[in-house]
Amino acid sequence: AQTVTQSQPEMSVQEAETVTLSCTYDTSESDYYLFWYKQPPSRQMILVIRQEAYKQQNATENRFSVNFQKAAKSFSLKISDSQLGDAAMYFCAYRTTSRANSKLTFGKGITLSVRP
Amino acid sequence: DTAVSQTPKYLVTQMGNDKSIKCEQNLGHDTMYWYKQDSKKFLKIMFSYNNKELIINETVPNRFSPKSPDKAHLNLHINSLELGDSAVYFCASSYRQLNTEAFFGQGTRLTVV
């Protein structure tokens, strides 16, 4: 079974600075998908970024980018120019390409606070 | 238009009661899910339906029964509610074959007193 580990429960960043959130995972599969979801106090789960394992290029979405290290099974999220609205809980998630087991496996999440 | 909507957003009920949470998606997705987020914010899959067929059932007590009348709707019925059932329940949907990301509803906070 796949597992996702987010070892840092909390992080803090100064507004306008850059922060990196860590995530590691364990799988025996060679093809899969990885995601970062954001959960602000409103409780809504919002997709931040996705990465296909077969792609070597790291995904980027505006101020958000990932560092995907397939051999190391590492998938970190970098937030540049942090804004107050980035304060939220962030979840790393794994999804197999197997259609029989189509679900997201989440890490425990990390709470990010942004200092003004 | 809300892509994945679930009702109610909040539900407070007494132990022993039976309650239902409804979910609807207008994205045309063929797969729907129920996730449970516990008090420590941990998210775990409960059920998954593809075109009204149950494909994932993760060690959930029999008191929880999902029902999918069509591929746009997935409801969750809970019998004999217990204190430990208090959590946030999320409905989500996606395309199974495309293996894309899941879109989530706004969650239902269930409090059992």
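First things first, this report covers the structure right here in the doc. Remember, predicted model here, so these are calculated numbers, not experimental data.

Here is what the cut-offs are and how they apply
- Each chain carries its own residue numbering, running from 1 in the direction its sequence is written.
- Labels are handed out in written order, letters beginning with A for the chains and numbers beginning with 1 for the ligands.
- Owing to the predicted nature of the model, reporting of local features is limited to residues with pLDDT of at least 70; listing and counting of side-chain atom pairs is limited to 80 or more, with chain, interface and lining totals taken over all residues.
- In computing side-chain values, all of the structure's heavy atoms are included and hydrogens and water are not.
- In this text, buried Ala, Val, Leu, Ile, Met, Phe, Trp, Tyr and Cys residues form a nonpolar core when linked through side-chain atoms within 4.5 Å.
- Using a 1.4 Å probe on the protein chains alone, a residue whose accessible area is under 20% of its type maximum counts as buried, one over 50% counts as exposed, and one in between counts as partly exposed.
- For helices the rule is a DSSP run of H or I covering at least 4 residues; for strands it is a run of E covering at least 2, with both sets numbered from the N terminus onward.
- When DSSP locates at least two bridges between a pair of strands, those strands are taken to pair.

Before going further, it helps to spend a moment on the nonpolar core. In this structure, Leu21(A), Tyr25(A), Trp36(A), Phe75(A), Leu77(A), Ile79(A) and Tyr90(A) are the most contacted members of the largest nonpolar core, which totals 26 residues. At the level of secondary structure, the elements contributing two or more residues to this core comprise strand E3 (19-21), strand E5 (32-39), strand E6 (46-52), strand E8 (64-69), strand E9 (74-79), strand E10 (88-96) and strand E12 (110-115) of chain A. Considering each element in turn, this core owes the most residues, 4 residues, to E10(A). Within the second largest apolar cluster, 20 residues are counted, among which are Leu11(B), Trp34(B), Leu76(B) and Cys91(B).

Residue and element names in this part refer to chain A. Of all 9 residues making up E10, 9 are buried, and the element is well covered by its neighbours. Taken together, the 8 bridges between E5 and E10 define a ladder with antiparallel strand orientation. Looking at the pairing, Phe-35 lines up with Ala-93 of E10. Pairing analysis gives 3 bridges linking E10 to E12, with the strands arranged antiparallel. Residue pairing for E12: Ala-88 is matched across the bridge by Leu-112. Bridge count between E10 and strand E11 (residues 104-106): 3 bridges; the pairing is antiparallel. Bridge pairing in E11 places Tyr-94 opposite Thr-105.

Treat this as a map of the structure, not an account of what it does.
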